[in-house]
Amino acid sequence: MDAHVVEAPEVWSSRLPARYREAGPRIVMAPAGEVKLVGSSYIEAPGIDGPDVAWWSYEGRMTSLKRYIAAAGVPADEVTMDGITFDDMRPGCWKVADRIADMDINGVAAQLAFPNYPRFCGQIFLWGKDKELSKLCVEAYNDWMVEEWCGTSGGRLLPLCIVPLWDVHLAAAEVRRNAARGVRAVAFTELPSYLDLPSLHSGYWDPFFAACAETGTVVAMHIGSGTKVMQTAPDAPEAVQATVLFSNSAGSLVDFLFSGVPHRFPDLRLMYAEAQIGWIPYVLDRADDVWLTHRGWAHGQRHCPEPPSTYYRRQVYSCFFKDPVGVDLLDRIGVDNVVFETDYPHQDGTWPQSKKAAAQQFGHLPQADIDKIARGNAARLLSLELPTA
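The paragraphs below set out a description of the structure included in this document.

So, how was this worked out
Residues numbered from 1 in each chain as written. Predicted model: local features only at pLDDT ≥ 70, side-chain atom pairs only at ≥ 80, totals over all residues. Heavy atoms only, no water. Helix = DSSP H or I, 4+ residues; strand = E, 2+ residues; numbered from the N terminus. Rg over C-alpha atoms; globule rule 2.2 N^0.38 Å. Contact = heavy atoms within 4.5 Å. Areas by Shrake-Rupley, 256 points an atom, 1.4 Å probe, with all protein chains shown as cover. Lys, Arg positive; Asp, Glu negative; His and termini not counted. Charge placed at Lys NZ, Arg CZ, Asp CG, Glu CD. 1 Å grid on protein atoms, 1.4 Å probe; cavity = no way out; pocket = protein on both sides within 12 Å on 5 of 7 lines; lining within 4 Å. Points joined across faces, edges and corners; volume = space filled by probe spheres on them. Nonpolar A, V, L, I, M, F, W, Y, C, P; charged D, E, K, R; others polar. Pairing = 2+ DSSP bridges. Axes fitted to C-alpha atoms, helices over the stretch in contact; angles between N-to-C directions. Buried < 20%, exposed > 50% of the residue type's maximum accessible area, 1.4 Å probe, protein only.

Further remarks concern the overall build of the chain. On a plain count of helices and strands, the chain comes out with 14 helices and 13 strands. Its C-alpha atoms give the chain a radius of gyration of 20 Å, near enough to 21 Å, the size a compact globule of 389 residues would have. Once the C-alpha set of the chain is aligned to its principal axes, its extents read approximately 60 × 50 × 45 Å. Of all intrachain contacts in the chain linking residues separated by at least 6 positions in sequence, the fraction that spans at least 24 positions is 70%. By element, 54% of the accessible surface of the chain is carried by carbon and sulfur atoms, the whole surface being about 16300 Å². Considering the chain, the positive charge centre built from 35 side chains and the negative charge centre built from 48 side chains are found 4 Å apart.

Structure representation (structure tokens):
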């Protein structure tokens, strides 16, 4: 299911109106500079000497291409935050034919790719100063995703679009525009309030969720799409953040359950990408207990008339690629609610050994369950007709 695309250099420069091409995202070559990771945001600027690397320039903000986001085929100790060029990465990171070839190597029939440069839900355009340009950038990305990245793949690459996060009605309209041309999934943030947007509890997002429910568009939320991540201490190494990153998805799931969104929109489907699954049984048990035990003061039943786990079982899916603990708890999680993924071309990913990783983690299960986790649940979620394996 989940993977990523490194956007080709001309995605925006070839599609934006001429008056916006200098301000819109474009690739420039400049020396690498120091990179600081704050939460899940990069603070960086080009250096003054050394070999050139590729930088995205957008309204004067510079963001380098990094080895970290194009790690397929690179040994772990060589994966750093250092800047690279397109020539330094595996072609499958950004070229359709090469991506399909890498999928064939990995035994992947079809793949949904989250953005890279725009961030996991397109929040780079939320931060843009010129909102007309931001809107055009969102539309240009989606046109490229549908027409070029996926449209030339023979159905192997599945479109995942982004929306104008700063305006719920524009977001709903963009969902409908893309659904009309076959798009079945939209990227959204796990935690809107982390992006200084209205919360799920506010009701603000209901027009967006209504559009998704009406069109059968899955709301796909990638780990870290709230941008902020838990920091236990200012001097904690990045390994701490990487370990507890799932807590954003846990918080998001509880937000959705108690907000009443799944209750108001019973046809809405939610998907968590790279969230893993081992944390889900405890969160559901705790939410159900809070719903019942603390009903007098916690307001858990105000918008959630049934036990929270009811909505999870009916409407929520989560993806994993390295979670043997979660597999051991499948009877509590629900075999119908999980999907195996690959995370190509990120370092966490299992390419080119994803079939082996799948076999090691859930190859001992009954064949019917293997089929669901490996392809059946994803096909059902996205209304796909995949060829028989």
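So, about the layout of surface pockets. Over the atoms, a rolling probe the size of a water molecule traces out where space has been left empty. One number sums up the size of the largest pocket: a volume of about 1000 Å³. What lines the largest pocket is a set of 39 residues, among which Y68, F120, I223, L245 and E274 lie closest to the centre. Mapped by element, the contributors of at least two residues to the lining of the largest pocket are β4 (41–44), β6 (61–64) and α6 (238–244). Here the element with the most residues in the lining of the largest pocket is α6; it accounts for 5 residues. Of the residues assigned to the lining of the largest pocket, the class counts are 19 nonpolar, 12 polar and 8 charged.

This part takes up the sheet that holds strand β11 (residues 270–273). In sheet architecture, strand pairing relies on hydrogen bonds along the backbone and comes in two forms, parallel and antiparallel. Across the sheet, 5 strands lie side by side as β9-β10-β11-β12-β13; this open sheet has parallel pairing. The sheet terminates laterally at β9 (185–187) and β13 (338–340), the two strands that pair on one side only. Strand-to-strand twist across the sheet, computed as the mean angle between neighbouring axes with direction ignored, equals 25°. Two elements, strand β12 (residues 316–320) and β13, share 3 bridges in a ladder whose sense is parallel. Counterpart to C319 in the pairing with β13 is V339.

To continue, consider the pairing of β11. Burial along β11 is two-sided: L270 and Y272 and M271 and A273, pointing in opposite directions, are all buried. Sheet topology places strand β10 (residues 218–222) next to β11; 4 bridges connect them, and they run parallel. In the strand pairing of β11, V219 is matched with L270. Two strands pair when backbone bridges link them, and β11 and β12 are joined in this way by 3 bridges, in the parallel orientation. Among the inter-strand pairings, L270 is bridged to a residue of β12, identified as V316.

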